[in-house]
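The residues making up each chain are set out below.
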Amino acid sequence: MCYNVKKNNETHCLRIIKKYIKQIETFIYFKTHILRKVTTVFGLKFNPFEIKSVSDISDFKKQPFLLLNMQKVLKLTIEMDIQQNPPEYGLIYYVILGERGIGKTTTLAFLKDIVDNCKEPYILSRYVTRPQAISTIRNLENLIVADNVVGQNSEARLSNWLEGKKVYLFIDVQDKCNKHDLNLLAEGLQNILYFKNIRVFMAMNKSHYNNMFDITEILGKYTVIDMKPFEIKHTRELIIARLNMAREQKDNDLYPFTEDSIKIIQNTTKGIPRNILVACDISLKYATLCGYNLIDASVVTEAIAKDYTERIIQERIESQHKRDMMMKLYNIIKNDFSGEVKKEEILIDHIKQKLGWSRVTTRKRIRELQKLGLIIIDKSTENMWTNVIKIVE
């Protein structure tokens with residue numbers, strides 16, 4: 001009996017392994033097939049839109065970066081501060097706000113790269129993704145101090161080590177931060193105030209920023225930089241810059257995309273950089289598989305209709321449970337209401353009946369779909385208190 005159970009388990013495991021091997025082989029074939037066609041049809045060495053986000057400085061250095069006015073201001077701030085002496089002068093605290101995919105982490109990496117390329121030995125940088133790293137002065141000392149230093153306690157040792165130096169602290173507040181993490185962050189930002197030689201550039205989404213004010217008023221000391229979506233000219237520049245990564249010779253040409261396709265991409269993605277790259281990735285692969293020699297508005301529209309929504313939710317929502325909820329809500333708006341809900345309350349009641357969600361949960365998910373650029377919420381022309389919800393076409 002035991003032998004048969006063991007044998008059956010082994011057979012089951014072998015079936016699973018073979019299934020995964022088959023999936024991997026299919027994936028490799030698909031990637032190879034796409035790459036071969038991208039090269040022969042469009043003259044690109046690889047698909048330049050596959051990498052859509054930056055997780056650290058090494059990722060940043062591999063991708064083209066658009067220097068917009070906001071980044072220019074921050075760049076100038078750092079460069080002027082680097083030139084100033086003595087180091088203890090000039091308190092600099094910035095918080096960079098924006099929704100997911102807008103380029104907050106990329107901007108932090110860009111600023112850190114400026115500091116890291118400075119030749120002055122007294123100019124240093126540290127990159128933080130976990131609030132625990134700064135939650136106590138002891139942790140702050142461990143993060144910043146690079147060698148042994150004399151002092152009775154962490155505050156004294158850190159102060160002694162910082163003398164004659166400037167440290168630029170780049171804090172990337174993760175979207176998945178919970179209330180406990182935000183409390184640790186608040187304590188850490190308070191600790192930093194004791195040390196005038198530490199400059200802070202912090203990136204976070206707007207909901208975390210607003211929630212921080214329930215914990216502390218310290219962000220009132222920070223200059224706020226609100227990152228805006230790309231205008232169509234920036235979308236065009238980003239696409240050309242990515243295409244040039246995969247070309248033998250750089251050019252200012254959009255090929256294989258057309259000007260009218262860029263308008264569709266801009267309208268669909270609402271100028272969110274990561275969404276733009278998703279739309280381009282989908283369109284390039286779709287055009288390649290279908291044998292199109294040009295990616296015009298009709299090709300982009302076809303490609304996006306098939307895959308865009310699911311890809312955006314997969315790219316930008318971490319929890320699988322939440323992804324499923326977002327797809328269900330999106331599909332109900334699209335299918336049950338033909339893409340347009342005349343009154344938000346009608347949708348909320350419909351979701352309550354169909355899925356059993358609370359009104360609060362449904363409202364949250366609706367707003368999240370709006371932030372992802374998948375729906376538009378407008379005021380009704382008949383009643384300014386009524387919200388009309390439309391699928392982005």
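The structure reproduced in this document is the subject of the present report. Everything numeric here is computed off the predicted structure, so don't read it as measured data.

Each aromatic ring pair is summarised here by two numbers: the centre-to-centre distance and the angle between the ring planes. This model, assessed by the stated rule, comprises eight aromatic pairs. Between Tyr 209 and Phe 213 the ring centres are 5.1 Å apart and the planes differ by 80°, which places this aromatic pair in the edge-to-face class. The ring of Trp 161 has Lys 165 lying over it, and the distance from NZ or CZ to the ring centre is 4.5 Å.

Here the focus is the sheet that holds strand β6 (residues 340-341). What the three strands build is an open sheet, ordered β6-β8-β7; its pairing is antiparallel. Two strands lie at the open edges of the sheet, namely β6 and β7 (375-379), each paired on one side alone. As paired elements, β6 and strand β8 (residues 387-391) share two bridges and run antiparallel to each other. Paired with Glu 340 across the strands is Lys 390, a residue of β8. On the sheet, helix α15 (residues 359-371) packs against β7 and β8 and is oriented at approximately 110° with respect to β7.

For residues other than glycine, phi is negative in most cases, and the peptide bonds are mostly trans. Cis geometry is found at the peptide bond from Tyr 255 to Pro 256, where omega equals 15°. With respect to the element layout, Pro 256 can be found in the loop between α9 (232-245) and α10 (259-269). Even without a glycine there, the phi angle at Lys 270 is positive, about 60°. On the secondary structure map, Lys 270 appears in the loop between α10 and α11 (273-290). Despite not being glycine, Ser 338 shows a phi value in the positive range, around 55°. Within the element layout of this structure, Ser 338 appears in the loop between α13 (320-335) and β6. Take Ser 338: its relative accessible area is 66%, and that puts it in the exposed class.

Right, let's talk about empty space enclosed by the protein for a bit. The gaps of empty space that remain are located by a probe, the size of a water molecule, rolled over the atoms. Scanning the entire structure with this criterion turns up one cavity of 30 Å³ or more. Computed from the structure, the largest cavity encloses a volume of approximately 40 Å³. Val 128, Thr 129, Arg 130, Pro 131, Ile 171, Asp 172, Val 173, Gln 174, Cys 177 and Leu 185 together form the lining of the largest cavity. For the lining of the largest cavity, the residue count by class is six nonpolar, two polar and two charged.

Turning our eyes to something else, we now look at the packing of α11 against helix α12 (residues 297-316). Taken N-terminus to C-terminus, the directions of α11 and α12 make an angle of 130°; their axes are 8 Å apart at the nearest point. The orientation of α11 relative to α12 falls into the category oblique. In this structure, the crossing between α11 and α12 has a hand that is right-handed. Across the interface between the two elements, Arg 274, Asn 275, Val 278, Ala 279, Asp 281, Ile 282, Ser 283, Tyr 286 and Ala 287 of α11 pack against Val 299, Val 300, Glu 302, Ala 303, Ile 304, Lys 306, Asp 307, Tyr 308, Arg 311, Ile 312, Glu 315 and Arg 316 of α12. For the contact of α11 with α12, the class distribution of residues is 11 nonpolar, two polar and eight charged.

Ranked by size, the top nonpolar core spans 54 residues in total, and within it Ile 239, Phe 257, Ile 333, Leu 347 and Leu 369 carry the most contacts. When residues of this core are assigned to their parent elements, the largest contribution, nine residues, is made by α11. Aside from chain neighbours lying at most four places away, what touches Ile 239 is Phe 49, Leu 254, Phe 257, Ile 262, Ile 265, Ile 276 and Cys 280.

Rules of the game
Residues numbered from 1 in each chain as written. Predicted model: local features only at pLDDT ≥ 70, side-chain atom pairs only at ≥ 80, totals over all residues. Heavy atoms only, no water. Phe/Tyr/Trp six-rings, centres within 6.5 Å; stacked < 30°, edge-to-face > 60°. Lys NZ or Arg CZ within 6 Å of the ring centre and 35° of its normal. Pairing = 2+ DSSP bridges. Helix = DSSP H or I, 4+ residues; strand = E, 2+ residues; numbered from the N terminus. Contact = heavy atoms within 4.5 Å. Axes fitted to C-alpha atoms, helices over the stretch in contact; angles between N-to-C directions. Buried < 20%, exposed > 50% of the residue type's maximum accessible area, 1.4 Å probe, protein only. 1 Å grid on protein atoms, 1.4 Å probe; cavity = no way out; pocket = protein on both sides within 12 Å on 5 of 7 lines; lining within 4 Å. Points joined across faces, edges and corners; volume = space filled by probe spheres on them. Nonpolar A, V, L, I, M, F, W, Y, C, P; charged D, E, K, R; others polar. Parallel < 35°, antiparallel > 145°, perpendicular 65-115°, else oblique. Left-handed = near helix turned anticlockwise from the far one by under 90°. Core = buried A, V, L, I, M, F, W, Y, C linked by side-chain atoms within 4.5 Å.

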